[in-house]
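Notes for the structure review
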Amino acid sequence: MNTSVIIFYAIATLILGAALLAVTTLKIFRSAIWLLFSLVGIAALYFWMQVEFIAAIQIVVYVGGIVVLIIFSIFLTQQSGKEMAKPATSKIIFSALAALLGTAFTFNLINHYGFNTTSSEPFNTNVSEIGTQMLSTTSHGFILPFEVVSMLLLAAMVGCIVIAMKPTAANIVHLNNKED
Amino acid sequence: MNEIPLTHILFVSTALFFIGMYGLFTRRNIITMLMSIELMLNSVNINFVAFNKYLFPDKLDGLFFSLFIITIAAAEAAVAIAIIINLYRSHQSIDVDDATEMKF
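As the structure is a computational prediction, the values presented were derived from the model and not from experiment.

We now examine the overall build of chain A. Helices and strands together make up the secondary structure of chain A, namely 7 helices and 0 strands. Ordered by position from the N terminus, the helices and strands of chain A form the series α-α-α-α-α-α-α. Each of the 180 residues in chain A was classed as buried or not, and the buried ones make up 18%.

Printed below as a string of structure tokens:
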């Protein structure tokens, strides 16, 4: 039992405990804050696995982007102090049963599979290595998904603006055109 | 570092995935359902990184998969929140039980 093992179990407890509270608490703002803790715990797990680049991306995108976006939308659409309605007891029982059965089944599968972790090469996750492979055009490069995902982000940005635009603005333009 | 076997990391990610699934089943509020989906996506990311680190340390494919999943999750969250704000404007509520116009 050395320090690394203890740190792993502490991080795992943080992730799972915060996630469990995030899906069960009845106040929506607390739910968002527990989600934040869970995501920070996952970033800590990435640091523990020594993939610092993914950990940094996790903090920047999830903690700095998505959770802030969720909190904004909570403030725009809810009374944040109000409690949500409790789900029906039968629904809780059956959902918990389904989740527990799935967890038990998957734990059993993982336990009996026996992964052969024999390769002992060092895991090289330099940022320069990641960048070179992401933009390389050889058969192991990721330039095509990179470009496709940039198009996806552009489409998402345009789509968000169009969807969330106030309908009155469009009507005003329409009316102005009519008057002309 | 090597004292923790791969299976323990997979146990954590499995438990996280099913916690997200439980939240998706029990919640009726669109924002909290979106949070549950984020938890499930994160458990998949943990799996990709752990498999890459323990089974194929000479490659980087798992890291790229998690990078692209994180990007797509960000785009998905942005579009979902635009839709939520629009839904709130027309229904004054973001419960899935209140938006039933297109239900057969």
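This part takes up the overall build of chain B. Secondary structure summary: chain B contains 3 helices and 0 strands in total. What you see in chain B, going N to C, is helices and strands ordered as α-α-α. For chain B, the C-alpha radius of gyration of 17 Å lies well beyond 13 Å, the compact-globule estimate for 104 residues. Reported as C-alpha extents along the three principal axes, the dimensions of chain B are approximately 55 × 25 × 25 Å. Across the 104 residues of chain B, 47% fall into the buried class. The contacts of chain B with a sequence gap of at least 6 include a subset with a gap of at least 24, amounting to 47%.

A common way to state how big an interface is: give the accessible area lost once the parts meet. If you look at the interface, chain A gives 69 residues, while chain B gives 59 residues. Breaking the side of chain A that touches chain B down by element, the ones donating at least two residues are helix H1 (3-24), helix H2 (28-48), helix H3 (52-77), helix H4 (89-113), helix H5 (127-134) and helix H6 (143-164) of chain A.

For the rest of this paragraph, the subject is the confidence of the model for chain B. All names here are of chain B. For chain B, the mean per-residue pLDDT works out to 89, and 98% of the residues sit at or above 70. Mean pLDDT per element in chain B: helix H3 (residues 61-91) is the minimum at 90, and helix H1 (residues 6-26) is the maximum at 94. In the predicted assembly, ipTM is 0.91 and pTM is 0.88.

All right, on to the packing of H2(A) against H3(A) then. All names here are of chain A. It is at 8 Å that the axes of H2 and H3 come closest, and there the two elements cross at 175°. Considering their axes alone, H2 and H3 lie roughly antiparallel with respect to each other. Only Glu52, Ile54, Ala55, Gln58, Ile59, Tyr62, Val63, Val67, Ile70, Ile71 and Ile74 of H3 make contact with H2, whose side of the interface consists of Ile28, Phe29, Ala32, Leu35, Leu36, Leu39, Val40, Ile42, Ala43, Tyr46 and Phe47. Residue classes in the contact of H2 with H3 are distributed as 20 nonpolar, 1 polar and 1 charged.

Reading the values: the criteria
Residues numbered from 1 in each chain as written. Chains lettered and ligands numbered in written order. Predicted model: local features only at pLDDT ≥ 70, side-chain atom pairs only at ≥ 80, totals over all residues. Helix = DSSP H or I, 4+ residues; strand = E, 2+ residues; numbered from the N terminus. Buried ≥ 20, exposed ≤ 12 C-beta atoms within 10 Å, placed from the backbone. Rg over C-alpha atoms; globule rule 2.2 N^0.38 Å. Contact = placed C-beta atoms within 7 Å. pLDDT = per-residue confidence, 0-100. Axes fitted to C-alpha atoms, helices over the stretch in contact; angles between N-to-C directions. Parallel < 35°, antiparallel > 145°, perpendicular 65-115°, else oblique. Nonpolar A, V, L, I, M, F, W, Y, C, P; charged D, E, K, R; others polar.

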